[in-house]
Amino acid sequence: MSIPFFVFFACAVLAIAGALVLIVSREPIHSALALVLVMISLAILYLLLGAPFIAAVQIIVYAGAIMVLFVFVIMLLNAGVEERTNWSKLAKYAGLPLALILLLETAHWLFHAPIGVAIANGPGAPAPAASTTQLSLELFQQYLFPFEATSILILIAILGALVLARKEE
Amino acid sequence: MSVVPISWYLVLSAILFGLGVIAFVFKRNIITIFMSIELMLNAVNLAFVAFARARNQLDGLVFVFFVIVVAAAEAAVGLAIVIMLARNRESLNVERINLLKF
């Protein structure tokens with residue numbers, strides 16, 4: 001078994017384990033740390049897929065900024081153990097089977113998608129890693145307008161967060 | 001050096017998305033529900049990167065970039081709403097937030 005397969009399996013197992021811990025643990029802070037584990041293993045998978053810029057953004061923005069925000073809010077609100085409530089019958093008897101069916105269906109159709117079989121399973125040579133130069137050219141030429149629109153979106157989000165979290169006078 | 005098939009990445013993405021859906025349905029803490037949304041976004045990002053690699057095009061990576069930016073904005077506004085709810089309701093349990101419930 002070659003190194004890429006080993007790295008893929010290690011990261012996949014870590015990611016799935018992190019997601020399971022997110023579901024099982026009752027302490028929000030444990031869930032947050034498990035989610036950080038998922039994000040870091042996904043960043044390694046992005047490196048394996050030849051997208052170093054996206055891997056760096058994943059670490060800096062997701063595992064860094066967004067999760068720090070989550071942990072900060074958990075500590076600010078002093079969120080303790082999740083209350084144990086009786087699950088609604090609908091969620092228990094219809095929700096779980098339906099979620100599992102969704103999981104299996106998505107996995108099945110992705111696995112049998114023409115792109116997965118024809119392109120990905122071929123023994124073809126590994127494509128060159130997407131260079132950051134190419135990515136930035138694409139981002140600032142073809143996708144310039146969406147880029148500027150997201151900057152306005154961020155500005156509005158900052159204003160909204162400030163207004164929402166302000167103490168009432 | 002052999003390459004991991006793209007379809008394996010897609011299956012991992014589907015599994016993570018399914019786990020995110022399960023967490024979204026079953027968790028009772030509003031912060032954890034937010035985190036499960038982030039988990040689903042991450043799963044979709046993995047599928048985007050895998051497809052970008054399979055088709056050897058960069059558009060998928062640009063989409064991942066935009067998804068991450070929008071997720072950051074969503075987390076900021078959402079957590080502000082959570083703080084406001086926690087102040088008004090003294091609880092993070094979503095079953096206590098039932099003002100609009102029929």
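Per-chain numbering applies: the sequence of each chain, read as written, is numbered from 1 onward. The order in which chains are written sets their letters, starting at A; the order in which ligands are written sets their numbers, starting at 1. Restriction of local features to residues with pLDDT of at least 70 applies here, the model being predicted, together with a cutoff of 80 or more for giving and counting side-chain atom pairs; totals for whole chains, interfaces and linings are based on all residues.

A. Inspection of the overall build of chain B at higher detail. Only runs of H or I of at least four residues qualify as helices and only runs of E of at least two qualify as strands under DSSP, and these elements are numbered from the N terminus. Helix and strand content of chain B: three helices and zero strands. Of the regular secondary structure in chain B, the N- to C-terminal order runs α-α-α. Computation of the radius of gyration draws on C-alpha atoms, with the globule rule given as 2.2 Å multiplied by the number of residues to the power 0.38. Relative to its length of 102 residues, chain B is extended, with a C-alpha radius of gyration of 17 Å against a globular reference of 13 Å. Expressed as lengths along the three principal axes of its C-alpha atoms, the size of chain B is roughly 55 × 25 × 25 Å.

B. Structural detail: the environment of A:Phe147. Tracing the chain through its elements places A:Phe147 in helix 7 (residues 144-165). Put simply, A:Phe147 and A:Phe6 are 141 residues apart on the chain and 37 Å apart in space, counted from C-alpha to C-alpha.

C. Main features of the interface of chain A and chain B. Here the contact rule is simple: place C-beta atoms from the backbone, and any two residues whose C-beta atoms are within 7 Å are in contact. Listed per partner, the contact involves 71 residues of chain A and 64 residues of chain B. Of all the secondary-structure elements, those providing two or more residues to the side of chain A that touches chain B are helix 1 (3-24), helix 2 (28-48), helix 3 (52-77), helix 4 (89-111), helix 5 (114-120), helix 6 (132-141) and helix 7 of chain A. Looking at the side of chain A that touches chain B element by element, the count peaks at eleven residues for helix 3 of chain A. Residue type decides the class: Asp, Glu, Lys and Arg count as charged, Ala, Val, Leu, Ile, Met, Phe, Trp, Tyr, Cys and Pro as nonpolar, and the leftover types, Gly among them, as polar. Split by residue class, the side of chain A that touches chain B holds 57 nonpolar, eleven polar and three charged.

D. The arrangement of helix 3 of chain A in detail. By this rule the span expected of a helix is its residue count minus one, scaled by 1.5 Å. Compared with an ideal rise of 1.5 Å per residue, which puts 26 residues at 38 Å, helix 3 of chain A spans 36 Å between its outermost C-alpha atoms and is within 8% of the ideal. Largest kink in helix 3 of chain A: about 30°, centred on A:Met67. Within helix 3 of chain A, the full set of buried residues consists of A:Phe53, A:Ile54, A:Ala55, A:Gln58, A:Tyr62, A:Ile66, A:Met67, A:Phe70, A:Val73 and A:Ile74. Buried residues along helix 3 of chain A sit against helix 2 and helix 6 of chain A together with helix 2 (30-55) and helix 3 (59-89) of chain B. Where helix 3 of chain A ends, the next residue or the one after it, A:Asn78, has phi of about 55°, a positive value. Note on bend: the value at a residue is the angle between axes fitted to the seven residues ending there and to the seven starting there. With C-beta atoms placed from the backbone, the exposure class of a residue follows from how many other C-beta atoms lie within 10 Å of its own: 20 or more, buried; 12 or fewer, exposed; in between, partly exposed.

E. Structural view of unusual backbone geometry. Residues and elements named next belong to chain B. With phi around 55°, asparagine 56 is a residue other than glycine that occupies positive phi space. Tracing the backbone shows asparagine 56 in the loop between helix 2 and helix 3. On the basis of neighbour counts, which here come to 12 C-beta atoms within 10 Å, the residue asparagine 56 falls in the exposed class.

F. Geometry of the nonpolar core. To form a nonpolar core, buried Ala, Val, Leu, Ile, Met, Phe, Trp, Tyr and Cys residues must be joined through C-beta atoms within 7 Å. Residues B:Ile31, B:Leu39, B:Val49 and B:Ala50 are the most contacted members of the largest nonpolar core, which totals 72 residues. Secondary-structure elements contributing two or more residues to this core are helix 1, helix 2, helix 3, helix 4 and helix 7 of chain A together with helix 1 (6-26), helix 2 and helix 3 of chain B. The leading source of residues in this core is helix 2 of chain B, at 14 residues. Apart from residues lying up to four places away in sequence, B:Leu39 is in contact with A:Ala19, A:Leu22, A:Leu35, A:Val38, B:Leu16, B:Leu19, B:Gly20 and B:Ala23.

G. Structural view of helix 2 of chain B. All names here are of chain B. With 26 residues, helix 2 ought to run about 38 Å at 1.5 Å a step, and its terminal C-alpha atoms sit 38 Å apart, in line with that. Among the 26 residues in helix 2, 21 count as buried, and that is most of the element. One or two steps after helix 2, the chain reaches asparagine 56, where phi turns positive at roughly 55°.

H. Summary view of the packing of helix 2 of chain A against helix 2 of chain B. Contact pair helix 2 of chain A / helix 2 of chain B: the axes reach a minimum separation of 10 Å and the direction vectors enclose 5°. Judged by the inter-axis angle, helix 2 of chain A sits roughly parallel to helix 2 of chain B. Of helix 2 of chain B, the residues touching helix 2 of chain A (which contributes A:Pro28, A:Ser31, A:Ala32, A:Leu35, A:Val38, A:Met39, A:Leu42, A:Leu45 and A:Tyr46) are B:Ile31, B:Thr32, B:Met35, B:Glu38, B:Leu39, B:Asn42, B:Leu46 and B:Val49. Across the contact of helix 2 of chain A with helix 2 of chain B, the residue classes tally to 13 nonpolar, three polar and one charged. Every axis corresponds to a line fitted to the C-alpha atoms, with the helix fit spanning only the stretch in contact, and the corresponding angles, defined between N-to-C directions, vary from 0 to 180 degrees. By definition in this entry, angles of less than 35 degrees are roughly parallel, angles greater than 145 are roughly antiparallel, angles of 65 to 115 are roughly perpendicular, and the rest are oblique.

I. Local environment of the confidence of the model for chain B. All names here are of chain B. Per-residue confidence from the prediction method is given by pLDDT, with values spanning 0 to 100. Of all residues in chain B, 97% have pLDDT values of 70 or greater, and the mean over the chain is 86. Of all the helices and strands in chain B, helix 1 carries the lowest mean pLDDT, 87, while helix 2 carries the highest, 91. Reported confidences for the modelled complex are a pTM of 0.86 and an ipTM of 0.90.

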